[in-house]
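For reference, the chains in residue letters:
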Amino acid sequence: DINNVFAEMIGKEHGMTVEELEEAKDKALKAHQNILKAEAEGEMGFMELPYKQKEVVNELKETAEKLKDKFDNFVVLGIGGSALGNIAVQTAINDPHYNLFKEARNGYPRLFVSDNVDPEGIKALLDKLDPEKTLFNVISKSGSTAETMSQFLLARKFVADAVGEEKVGEHFIATTSKDSGYLIEIAEREGMKKFFIPDNVGGRFSVLTPVGLLSAAMTGVDIEELLEGAAYMDQICRKSDFWENPALVNGLIQYLAYKKGKVMSVMMPYSDRLRDVADWYRQLWAESLGKEVDRQGNTVNVGPTPIKALGATDQHSQAQLYMEGPFDKIITFLEVENFAEELEIPGAYKDLDGVGYLGGHSFAELINTEKWATELALNKRNRMNQTVKVPEVNEFTLGQLFYFFEFQTAVTGELLNINTFNQPGVELGKNYTYGIFGRDGYQDKKDEFDSSAEH
Ligand code: PA5
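Reading the values: rules and limits
Residues numbered from 1 in each chain as written. Predicted model: local features only at pLDDT ≥ 70, side-chain atom pairs only at ≥ 80, totals over all residues. Helix = DSSP H or I, 4+ residues; strand = E, 2+ residues; numbered from the N terminus. Rg over C-alpha atoms; globule rule 2.2 N^0.38 Å. Buried ≥ 20, exposed ≤ 12 C-beta atoms within 10 Å, placed from the backbone. Contact = placed C-beta atoms within 7 Å. Near = placed C-beta within 6 Å. Nonpolar A, V, L, I, M, F, W, Y, C, P; charged D, E, K, R; others polar. Pairing = 2+ DSSP bridges. Axes fitted to C-alpha atoms, helices over the stretch in contact; angles between N-to-C directions. Expected span 1.5 Å × (residues − 1). Arc of directions from axis to C-beta. Right-handed = clockwise from strand over helix to strand, strands pointing away. UniProt positions renumbered as here; feature names shortened; annotations may be inferred. Core = buried A, V, L, I, M, F, W, Y, C linked by C-beta atoms within 7 Å.

### Thoughts on the overall build of the chain
A count of helical and extended segments in the chain gives 18 helices and eleven strands. Relative to the globule expectation of 23 Å for 455 residues, the C-alpha radius of gyration of the chain, 23 Å, shows essentially globular dimensions. With respect to the principal axes defined by its C-alpha atoms, the chain has extents near 70 × 65 × 50 Å. The buried share of the chain, reckoned over its 455 residues, is 44%. Look at the contacts in the chain between residues 6 or more apart in sequence, and 74% of them connect residues 24 or more apart.

### Topic: unusual backbone geometry
Residue A312 is reached from G311 by a cis peptide bond, and omega for that bond is 0°. Along the chain, A312 falls in the loop between β9 (305–308) and α13 (319–324). Not every positive phi belongs to a glycine, and N301 is a case in point at roughly 45°. Its place among the elements puts N301 in strand β8 (residues 299–302). Residue class for N301 comes out exposed when judged on the 9 C-beta atoms lying within 10 Å of it.

### Observations regarding the site of the ligand
Around the ligand, a shell composed of 15 residues is seen, among which G80, G81, S142, T145 and G203 lie nearest. Looking at the shell around the ligand, its residues break down into two nonpolar, ten polar and three charged.

### Digging into the environment of I10
Tracing the sequence through the fold places I10 in helix α1 (residues 7–10). For I10, a count of 22 C-beta atoms within 10 Å corresponds to the buried category. Separated by 25 residues in sequence, I10 and I35 have C-alpha atoms that sit 32 Å apart. Discounting chain neighbours no more than four positions away, the residues touching I10 are N4, G15, N379, N382, R383 and M384.

### Focus on the sheet that holds β9
Taken in spatial order, the four strands of this open sheet run β9-β6-β10-β11, and their pairing is parallel. Strands at the two margins of the open sheet, each flanked by one partner only, are β9 and β11 (384–390). Going from strand to strand, the sheet's axes swing by 20° on average, the running direction of each strand aside. Judged from the four bridges that link them, strand β6 (residues 264–269) and β9 form a sheet pairing that is parallel. What sits directly across from S265, in β9, is P306. Set on the sheet, helix α12 (residues 275–289) makes contact with β6, β9 and β10 (329–336); between it and β9 the angle comes to about 170°.

### Let's talk about the pairing of β6
Counting buried positions over the six residues of β6 gives five, a clear majority of the element. Direction of pairing for β6 relative to β10: parallel, over a ladder of six bridges. Bridge pairing in β10 links M264 to K329.

### Points about helix α5 (residues 84–93)
Of all ten residues in α5, ten are buried; the element is thus mostly enclosed. When α5 is considered as a whole, its buried residues turn out to be L84, G85, N86, I87, A88, V89, Q90, T91, A92 and I93.

### Let's talk about helix α7 (residues 146–163)
For α7, spanning 18 residues, the distance from its first C-alpha to its last is 25 Å, which sits close to the expected 26 Å at 1.5 Å a residue. The complete set of buried residues in α7 reads E147, T148, Q151, F152, A155 and V159. The buried residues of α7 occupy one face: seen down the axis, they fall within an arc of 120°. Seen from the open side of α7, the exposed residues pointing more than 90 degrees away from its buried face are L153 and D161. The inward-facing, buried residues of α7 contact β1 (73–77), β2 (110–114), α6 (119–128) and β3 (134–140). Positive phi appears at G164, one or two residues downstream of α7, with a value of about 95°.

### As for the pairing of strand β5 (residues 193–196)
By the bridge criterion, four bridges tie strand β4 (residues 172–176) to β5 in an arrangement that is parallel. Each residue of the ladder has a partner; that of T176, found in β5, is F196. Viewed along the sheet, the connection from β4 through helix α8 (residues 183–190) into β5 turns out right-handed.

### Overview of the UniProt feature "active site" (unreviewed entry) in the chain
Residues annotated in UniProt with the feature "active site" (unreviewed entry) correspond here to E287, H316 and K430. Across 144 residues of sequence, these annotated residues are also dispersed in space, with a maximum C-alpha separation of 36.6 Å. Its location among the elements puts H316 in the loop between β9 and α13. Relative to the helices and strands, K430 is located in helix α17 (residues 424–436). Those residues in contact with K430, other than ones at most four positions away along the chain, are T145 and A146.

### Description of the sheet that holds β1
Spatially, five strands are ordered β2-β1-β3-β4-β5 in an open sheet, and the strand pairing comes out parallel. In this open sheet, the two edge strands, each paired with only one partner strand, are β2 and β5. Sheet twist, expressed as the mean angle between neighbouring strand axes with direction ignored, is 20°. The pairing of β1 with β2 spans five bridges and is classified as parallel. Across the sheet, the residue bridging to L77 is S114, located in β2.

### A short note on the nonpolar core
By size, the foremost hydrophobic cluster in this structure holds 110 residues, and its most contacted members are A217, V277 and V411. Sort the elements by how many residues they give to this core and helix α16 (residues 395–415) lands first, with ten residues. Ignoring sequence-local partners within four residues, the contact set of V411 consists of A28, A31, H32, I35, A247, L248 and G251.

Okay, here's the thing in structure tokens:
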């Protein structure tokens, strides 16, 4: 629902007009053609995922079926695109207390995603795991990311000390690039089970590869439905009629909003289940669109800043700023039409006006009313906002959301005339770490560090 980006709803000064979109829509259509052309040249791997994974899906399901009873804990070691999708799927589909209660898990292992190198966090987790009953999934496309590989080295020792060197490989699954990096070599040496990340799918676009699908299958998520949802959305995103293609319309709105000074792009789900989709989107949007140079190599330093928020919680934290702070934001709400639970608010204290009015309504009604109220208040304050509504949160709609936002990101990247799929800034930080830690081939980075004043 894009009504609230228009001047009719939020006033002339900050709103867009349909004419503006009509005038700019050729640019979006050109972006669309470029994406389809790049796909034909094999460069848009994420667009192949809904269709080309039959065999790997079977293998993932078989692996999950075989291993789910053998292990109590499934630990993902990965970071960024090798972790955030896994968390988003888990939060959206499984019981909110999945790890806490056996009955919430339906016989599947607990899931932990260890995506940082804070020693306290790592130690606290390993201390509580039984190594004999724990399976680790090391996920790294490059096969060399320091955060992931250092955790792997520790986990390997943790397992080897308990089960012996010869059985280490049975406690690890490697998800990595088929022919590059060190993880593949390690996996082969240790006899680990392997899954592959296609070369033409970047980390932050990889949730629908084995990166996200293995932990999903290991926790009972229907991975075929995720892909079905993505395929359904793919068909919609292929439409060449601008107004029939929400990824084109929204990709253009985001671009025009940015050009109008709305340089912050907030995603605010009114649903606990979709909370981590906003976190996943934050990385997708930031790493894909935040770029120093355009395609021609000119310095442009572009990129909208993504912000994650949660309704209704952040109404009591962020909303004041969104309502009355600078006019620098476009807010995308995620709304759920039907919650799995309506949950009635009991009636009591009828004589106390300020509490009695709540009774008889449901929590589902309340959370969506809060969303509508926030939307209206934003309109009254001339703030650009829009809504992506799902009928309910399930694997099919989640697959749609992932694919929709990935496609939209590709569109906005085209409009910004940047390379959406690289991340030279992230690589630079990684390379300094390698240099400082003494990795071969990175001495120049170590020298730069030593001669810099910052430390
Ligand atoms: O999206 C990206 O490319 C990054 O966020 C990577 O996913 C992240 O840096 C981890 O990289 P790797 O999977 O190579 O360990």
